Amino acid sequence: MTTHRPCTLAVHAGNHADPATGAVAPPIHLATTFRHGPAGERIAGYEYQREGDPTNDRLREALVALEGGATALTFASGMAAMTTALESLPAGSRVLFPDDCYSGLRMLFNEVLPQRGLVIETVDMADLDAVRAACATPLAVLWIETPSNPLLKVCDIAALAEIGHAAGALVVADNTFATPLLQRPLALGADIVMHSTTKYFGGHSDVLGGALVFARDDAFAKQVAHRLHVTGGVLAPFSAWLILRGCRSLGARMAMHCANARKLAEFLATHPAVERVNWPGLPTHPDHAVAAKQMRDFGAMLSVELRGGREAALAVAGRLRIFTNATSLGGCESLVEHRASVEGPNPRSPQNLLRISVGLEDGDDLVADFRQALG
Ligand SMILES: *Cc1c(COP(=O)(O)O)cnc(C)c1O
């Protein structure tokens, strides 16, 4: 299976026919407990749902195949995946995070991880000299998010993996925005890939989930698995089934998402009301060359900075008809969000910035909607 191309893997990985019935679509096993022998002997490999179930195992298999890993774990959310991995580090561990990143990760490293005794620093991951300088002190984890949220910065995974490994660190990449259809961080040297499967994997804005895919089934992977099973942030079987169902169309959806994003980004880049478009597929994007080197396509998340500041951004967001004002990303429907309004008292996003998740509507309709909203 692992020799096949990504679209084939997305359709077939973990999708063996049910041996009992021949059903082509997988069953959902909702059982919380599984019969065992009188001395606790496992009969079919399962014991209690918190320690694993057949539906989650199919999703884990699909994730391993798509990311080219050795083993995977599924979680109740992307945040549960991050937290379980990071809390598995010994107290006193130093972790380096990107300066532009998912807002939940920012809360995690500002509020929660220091209470667990982790030492946190942030750096611009596109500035390799700054990363090298930060790696001069012993480092446990170098955390990559590329493309980043909400500025769509792209950093060089292979270069960062080399720098991180030279410092003795584990290199973790949040691959939520790109998905393995566009970018495979383990092949570029990362040790662990993290996903919010809530986004493109689920693909329909109706299921919350997270995942970690490990390059090696080593002591750390086993430690994180044990922590998940003890602390219990597991993914429900029905959620695993929905994410697996989303996975089957991931290749087709990503192709259309990317094509629509290109159309919209190219239109916005030429519009006089627009100051700047952040989409790594544009040749004018500062990280375009790195993106072209490590991604098959450039993704469907973009942000746009408007002339006229906060007022202009809010006015455009209010006039859009097809795009829904909502957070999150990766669903069929296009979403827009004035990030500065939802980031709390000290927003980091520019006031004139709108973040866009380009959906699966007709690309020309999406362009027309922005054309009317920009006036
Ligand atoms: C949504 C998201 C997360 C968090 O995932 P949840 O499933 O919402 O907990 C982490 N990283 C990125 C890049 C995200 O977009």
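For the structure, check the block above.
First, a word on what this report is: a plain description of the structure on this page.

Definitions and limits used
Counting restarts for each chain, with residues numbered from 1 along the sequence as it is written. Owing to the predicted nature of the model, reporting of local features is limited to residues with pLDDT of at least 70; listing and counting of side-chain atom pairs is limited to 80 or more, with chain, interface and lining totals taken over all residues. Note that the side-chain values use all heavy atoms of the structure and ignore hydrogens as well as water. Take a side-chain nitrogen of Lys or Arg and a carboxyl oxygen of Asp or Glu: if they are within 4 Å of each other, that pair is a salt bridge. Each helix corresponds to a stretch of at least 4 residues labelled H or I by DSSP, and each strand to a stretch of at least 2 residues labelled E; elements are numbered beginning at the N terminus. Relative accessibility under 20% of the residue-type maximum defines a buried residue, over 50% an exposed one, and the middle range a partly exposed one, all with a 1.4 Å probe and only protein chains included. The pairing criterion is simple: DSSP has to find at least two bridges between the two strands.

### Some points on the pattern of salt bridges
Once their charged atoms are close, side chains differing in charge can pair, the charge on each being opposite to the other.
Argument step 1. Tallying each qualifying case throughout the model produces 18 salt bridges.
Argument step 2. In this structure, Arg 262 and Glu 266 form a salt bridge, with 3.0 Å as the shortest nitrogen-oxygen distance. You can see Arg 262 and its partner Glu 266 sitting in helix α9 (residues 250-269), four residues apart, about one turn around the helix.
Argument step 3. In this structure, Arg 355 and Glu 337 form a salt bridge, with 3.6 Å as the shortest nitrogen-oxygen distance. Of this pair, Arg 355 sits in strand β12 (residues 353-357) while Glu 337 sits in strand β11 (residues 335-337), placing them 18 residues apart in sequence.
Argument step 4. Overall, Arg 355 belongs to the buried group, its relative accessible area being 4%.
Argument step 5. The buried category is assigned to Glu 337, whose relative accessible area is 8%.
Argument step 6. Salt bridges here are not isolated pairs; linked through shared partners, they connect Glu 337, Arg 339, Glu 343 and Arg 355.

### Here we look at the environment of Leu 170
Argument step 1. By the secondary structure assignment, Leu 170 is in strand β5 (residues 170-174).
Argument step 2. Measuring from C-alpha to C-alpha, the distance between Leu 170 and Val 342 comes to 32 Å, with 172 residues separating the pair along the chain.

### Comments concerning the pairing of strand β9 (residues 301-306)
Argument step 1. Of all six residues in β9, six are buried; the element is thus mostly enclosed.
Argument step 2. Along β9, one buried face is formed by Met 301, Ser 303 and Glu 305 and the opposite face, lined by Leu 302, Val 304 and Leu 306, is buried too.
Argument step 3. Where strand β8 (residues 274-278) and β9 come together, four bridges link them in antiparallel fashion. Looking at the pairing, Val 277 lines up with Val 304 of β9.

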